[in-house]
Amino acid sequence: MLDFSGIPPMKALLWSAIINGVISVPMMVVMMRMGSDRRLMGRFVISPRLKVLGWAATAVMASMVILLGWTLLPGKRHVTIAVHTASLGMVGDRISGALALAGRRRLCDR
């Protein structure tokens, strides 16, 4: 399908990773708020250590997205920051997965 679209595959891969990194921030905020809500999660609320790690990861992701937006202004270099944002998007996905896995483990342990 990509062959017929005329879009260079590496450019498509880079931009899909960038979009993933940008979209990850609001999703991580929602996940952190839901995981921290005792009314919603009951006894399965995330631990303080996971809260710190999760919010730190969310802050790093948000700062990289802001930096990416700044570098996309006219006259700025954007390739290096775009690559870092794309790679952080993948890291954010891994952290989100780890938080979900930790919640599932706690659910199965009880």
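### Let's talk about the overall build of the protein
- When you go through the protein residue by residue, the secondary structure sums to five helices and zero strands.
- The order of helices and strands in the protein, counted from the N terminus, is α-α-α-α-α.
- Looking at the protein as a whole, 26% of its 110 residues qualify as buried.
- Working note: accessible area of the protein is about 7,700 Å², and carbon and sulfur atoms make up 70% of it.

### Some points on the side chain of Thr-58
- Residue position: Thr-58 is located in helix α4 (residues 48-71).
- Ignoring anything within four residues of it in the chain, the contact list for Thr-58 reads Val-25, Met-28, Val-29 and Met-32.

### Overview of the side chain of Ser-24
- Locating Ser-24 in the fold gives a position in helix α2 (residues 9-36).
- Judged by its relative accessible area of 3%, Ser-24 falls in the buried class.

### As for α2
- Taking 1.5 Å per residue as the helical rise, α2 with its 28 residues ought to reach 40 Å, and the 40 Å between its terminal C-alpha atoms agrees with that figure.
- Maximum bend of α2: about 30°, positioned at Ser-24, with proline Pro-26 one to four residues after it.
- By the burial criterion, the buried members of α2 are Ala-17, Ile-18, Gly-21, Ser-24, Val-25, Met-28, Met-32 and Gly-35.

### With respect to the pattern of salt bridges
- In this structure the tally under the stated criterion is one salt bridge.
- With its nearest N and O atoms 3.7 Å apart, the salt bridge here joins Asp-37 to Arg-39.

### Thoughts on the environment of Val-60
- If you trace the backbone, Val-60 turns up in helix α4.
- Between the C-alpha atom of Val-60 and that of Val-25, which follows or precedes it by 35 residues, the distance is 9.3 Å.

### With respect to α4
- The end-to-end C-alpha distance of α4 is 34 Å, a good match for the 34 Å that 24 residues give at a rise of 1.5 Å each.
- The set of residues buried in α4 consists of Leu-50, Gly-54, Ala-57, Thr-58, Met-61, Met-64, Leu-68 and Thr-71.

### Considerations on the environment of Val-45
- Summarising the element assignment, Val-45 is placed in the loop between α3 (38-41) and α4.
- Sequence separation of Val-45 and Gly-35 is 10 residues, and the distance between their C-alpha atoms is 5.6 Å.

### Comments concerning the confidence of the model for the protein
- When pLDDT is averaged along the protein, the result is 76, and 65% of the positions lie at 70 or above.
- Averaged pLDDT values for the elements of the protein fall to 57 in helix α5 (residues 79-109) and rise to 91 in α3.

Quick notes on the rules
- Residues numbered from 1 in each chain as written.
- Predicted model: local features only at pLDDT ≥ 70, side-chain atom pairs only at ≥ 80, totals over all residues.
- Heavy atoms only, no water.
- Helix = DSSP H or I, 4+ residues; strand = E, 2+ residues; numbered from the N terminus.
- Buried < 20%, exposed > 50% of the residue type's maximum accessible area, 1.4 Å probe, protein only.
- Areas by Shrake-Rupley, 256 points an atom, 1.4 Å probe, with all protein chains shown as cover.
- Contact = heavy atoms within 4.5 Å.
- Expected span 1.5 Å × (residues − 1).
- Bend = angle between axes of the 7 residues up to and from the residue.
- Salt bridge = Lys/Arg side-chain N within 4 Å of Asp/Glu carboxyl O.
- pLDDT = per-residue confidence, 0-100.

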